[in-house]
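Commentary on secondary and tertiary structure
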Amino acid sequence: MAVDRRTFLRTSTVATGVFAFGPAFWQDALAAPATPGPGPYGPPGAPDPVTGLAVPEGFSVREIARGGTPVSGTAYTWHPFSDGSGCFAQPDGGWILASNSEVPGLPQGGASSITFDADGKMIGARRILAGTTMNCAGGVTPWGTWLSCEEMASGQVWECDPLGEQAAIVRPAMGRFTHEAVCVDAANKRLYLTEDNADGCFYRFTPTTYPDLSAGRLDVMLVDEAGKVTWAPVPDPAGATPTRSQVPGAAKFARGEGTWFDEGVVYFVTTTESRLYALHVEEQLLELVYDGSALGLQAELTGIDNVTVHPKSGDIFVAEDGKTDATLDVGLITADRIASRFITASGPQHDASELTGPSFDPSGTRLYIASQRANGLGSVYEVSGPFRQQRPGGGGTSLDDTRRPGVNLRVLGKAKVAGVRRAGLPLAIRADEDVRLEITLRRRRAKGAGPVIARAQRQLKAGKRARLRLKVTRALPAGRSVPIVVSVKATDAAGNVRTLKRNLRLR
């Protein structure tokens, strides 16, 4: 029987009477609840002769980018050593994949992106961050930007436009340290960050004015012997003294790497001990979901690094950092705590490589993964197939459901330039089933949609009405007549999509 995360947390802590953080606790069976077992898709099959990736039956693989080579259908030469990645839905049903370039020692890293149309065809690629180094992982934001993290002692976080239309902006308030990854808890308006050091810490950033990341408070995690989490401010986030040394008693994690937010839980990985932690935000309790060190030779997954969560099934996917055992894998951990291999990379092109940057497209039917040094300068792959589209124990909709959700969009009041500049565009949206909303506001031009000037995301319950003001993030042009287009993309639990567009003229 599947056990959801919150139920497991409560039953395990009650049963033991203690949620200790010391060495003795990690040796207990409850410290490593995920155990090896058969995955929901079966084992990887024979390696694909072209890519060297083995995937379960029913799945397929294609290479979409190779370092030093133009992206198919474009003139853009892909960057070397691809690492962390993330996807962004587009109003036309397509999506953008943003990807970091972890070039060591030289300011030749940064990030690039690829645009896909609604059918998955690559139609554009470009540089979105240049002049930085060791851009390892990062994270997507609900407002549609890519956060690229520099993995070096004085590393910073850079906020990037996935379309490359706006220059990337450095965010020093988020600290100078060996940044690895970042995730966003939109409900509580906070961000969480990992530090890739042998004695690294785990951080929380609270913007002064969410979602503006130019100012805010950086806190570091402390954990008591009962597993209760508290936070303390870092006195000098951008100073010369390492952030991990500024707060006595800060919890230490051996090489914190990937992190991902999903339904009130912040997951993060520590590579040295092959551990996956879960911070339950409401309870402020820390859970150990997977412990490869404790499993020893029984561990299906070792040296785990980047992490992502399937947006609909809640399954956790982790990538291995180098061949720390006999194979190089992407693993899968289900809600009922079964760990299995999902992808295995073999063949000479993957020697001395590592698997990086797992992320899903908005439909949850395509997984992107990179082999950082495959074919010399690295390759990015797309794995397509029948990924589970609902969470265990209910929630979601049957895979046989192909009905698109019914959605109604209204613009409230009179759309005036001055009012939108000051307070945003007021909208009301209603749907006939539970949906995830992605709302975009663009300038409208004679030759089609122009640049994005506002984005928002919402979860909407069936029959309820969402009222919001779409805040403009780019300056509106001077004048009293500005043509715009509002797009609403509604996605239900089965992956069915309804897109609405409204052409307006601000006066």
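Refer to the structure above for everything that follows.
These notes cover the structure that comes with them. (Residues numbered from 1 in each chain as written. Predicted model: local features only at pLDDT ≥ 70, side-chain atom pairs only at ≥ 80, totals over all residues. Heavy atoms only, no water.)

Before going further, it helps to examine the overall build of the protein chain. When you go through the protein chain residue by residue, the secondary structure sums to four helices and 34 strands. Within the protein chain, the proportion of its 507 residues that are buried is 58%. Sequence separation of 24 or more characterises 55% of the internal contacts of the protein chain that already satisfy a separation of 6 or more. When the accessible surface of the protein chain is summed, it comes to about 20,100 Å², and 52% of that surface belongs to carbon and sulfur atoms. (Helix = DSSP H or I, 4+ residues; strand = E, 2+ residues; numbered from the N terminus. Buried < 20%, exposed > 50% of the residue type's maximum accessible area, 1.4 Å probe, protein only. Contact = heavy atoms within 4.5 Å. Areas by Shrake-Rupley, 256 points an atom, 1.4 Å probe, with all protein chains shown as cover.)

Okay, the nonpolar core next. Counting residues in hydrophobic clusters, the biggest one holds 27 residues, and the most contacted among them are Leu425, Ile429, Ile439 and Leu470. Going through the elements one at a time, β28 (407-411), α4 (417-423), β29 (425-431), β30 (435-445), β31 (448-460), β32 (465-470), β33 (482-491) and β34 (497-506) are the ones with two or more residues in this core. Per element, the largest residue contribution to this core is five residues, and it comes from β33. In this structure, Ala173, Leu193, Cys201 and Ala250 belong to the second largest nonpolar core, which totals 22 residues. (Core = buried A, V, L, I, M, F, W, Y, C linked by side-chain atoms within 4.5 Å.)

The next thing to look at is a positive patch on the surface. Taken together, the side chains of Arg410, Arg422, Arg430, Arg465, Arg467, Arg469 and Lys471 present a region of like positive charge at the surface. Looking at the positive patch element by element, the count peaks at three residues for β32. Following the sequence through the fold, Arg465 ends up in strand β32. (Patch = residues over 30% accessible without salt bridge, like charges linked within 9 Å, V, L, I, M, F, W, Y side chains within 5 Å. Salt bridge = Lys/Arg side-chain N within 4 Å of Asp/Glu carboxyl O. Lys, Arg positive; Asp, Glu negative; His and termini not counted. Charge placed at Lys NZ, Arg CZ, Asp CG, Glu CD.)

Below, the discussion takes up the environment of Leu500. When you line up the elements, Leu500 lands in strand β34. Overall, the relative accessible area of 15% leaves Leu500 in the buried class. Between the C-alpha atom of Leu500 and that of Pro91, which follows or precedes it by 409 residues, the distance is 8.7 Å. With sequence-adjacent residues up to four places away left out, Leu500 is seen in contact with Val407, Asn408, Leu409, Val486, Ser487 and Val488.

Take the sheet that holds strand β10 (residues 157-160) next. One open sheet holds the four strands; their spatial order is β8-β9-β10-β11, and the pairing between them is antiparallel. Strands with a single pairing partner mark the edges of an open sheet, and in this sheet they are β8 (135-140) and β11 (169-170). One ladder, built from four bridges, connects strand β9 (residues 146-150) with β10; its direction is antiparallel. Counted as the bridge partner of Leu147 is Glu159 from β10. (Pairing = 2+ DSSP bridges.)

One can find Gln246 in the loop between β16 (229-233) and β17 (256-262). Look at Gln246 and you get buried, because its relative accessible area is 15%. Separated by 2.8 Å, the side chain of Gln246 and the backbone nitrogen of Asp236 make a polar contact. Setting aside residues no more than four positions away along its own chain, Gln246 makes contact with Val234, Pro235, Asp236 and Thr241. (Polar contact = N/O pair within 3.5 Å; in protein donor to acceptor, adjacent residues only side chain to side chain.)

Let us now look at the pairing of β10. The alternating pattern of β10 places Val157 and Glu159 and Trp158 and Cys160 on opposite faces, both of which are buried. Two successive antiparallel strands, β9 and β10, enclose a turn made up of six residues. Of the strand pairs in this sheet, β10 and β11 are connected by two bridges, and their pairing is antiparallel. Along β11, the bridge assignment pairs Glu159 with Ile169.

Time to look at empty space enclosed by the protein. For the structure shown, the criterion picks out four cavities of 30 Å³ or more. Considered as a void within the structure, the largest cavity measures approximately 120 Å³ in volume. Looking at the lining of the largest cavity, the elements that each hand over two or more residues are β4 (82-89), β8, β12 (179-185), β17, β21 (304-309) and β25 (355-360). (1 Å grid on protein atoms, 1.4 Å probe; cavity = no way out; pocket = protein on both sides within 12 Å on 5 of 7 lines; lining within 4 Å. Points joined across faces, edges and corners; volume = space filled by probe spheres on them.)

Inspection of the secondary structure puts Ala46 in the loop between β1 (35-36) and β2 (53-54). With a relative accessible area of 68%, Ala46 lands in the exposed category. Separated by 298 residues in the primary sequence, Ala46 and Thr344 have C-alpha atoms spaced 9.4 Å apart.

We now examine the sheet that holds β25. The antiparallel open sheet is built from four strands, whose spatial order is β3-β27-β26-β25. Only two strands of the sheet have a single neighbouring strand rather than two, namely β3 (60-66) and β25. Mean inter-strand twist for the sheet, computed between neighbouring axes without regard to direction, equals 25°. As paired strands, β3 and strand β27 (residues 379-384) are joined by six bridges and run antiparallel to one another. Counterpart to Arg62 in the pairing with β27 is Glu382. (Axes fitted to C-alpha atoms, helices over the stretch in contact; angles between N-to-C directions.)

For the structure shown, the criterion picks out zero disulfides. With no disulfide partner, Cys136 has as its closest neighbouring cysteine sulfur the one in Cys149, 8.6 Å distant. For Cys136, a relative accessible area of 3% corresponds to the buried category. (Disulfide = S-S within 2.5 Å.)

The next point concerns the pattern of salt bridges. In this structure the tally under the stated criterion is 22 salt bridges. Taking the shortest distance from any N to any O, the salt bridge between Arg391 and Glu263 comes out at 3.5 Å. With Arg391 in the loop between β27 and β28 and Glu263 in the loop between β17 and β18 (265-270), the pair connects residues that are 128 residues apart, well separated along the chain. In this structure, Arg366 engages Asp361 in a salt bridge whose closest nitrogen and oxygen atoms are separated by 3.3 Å.

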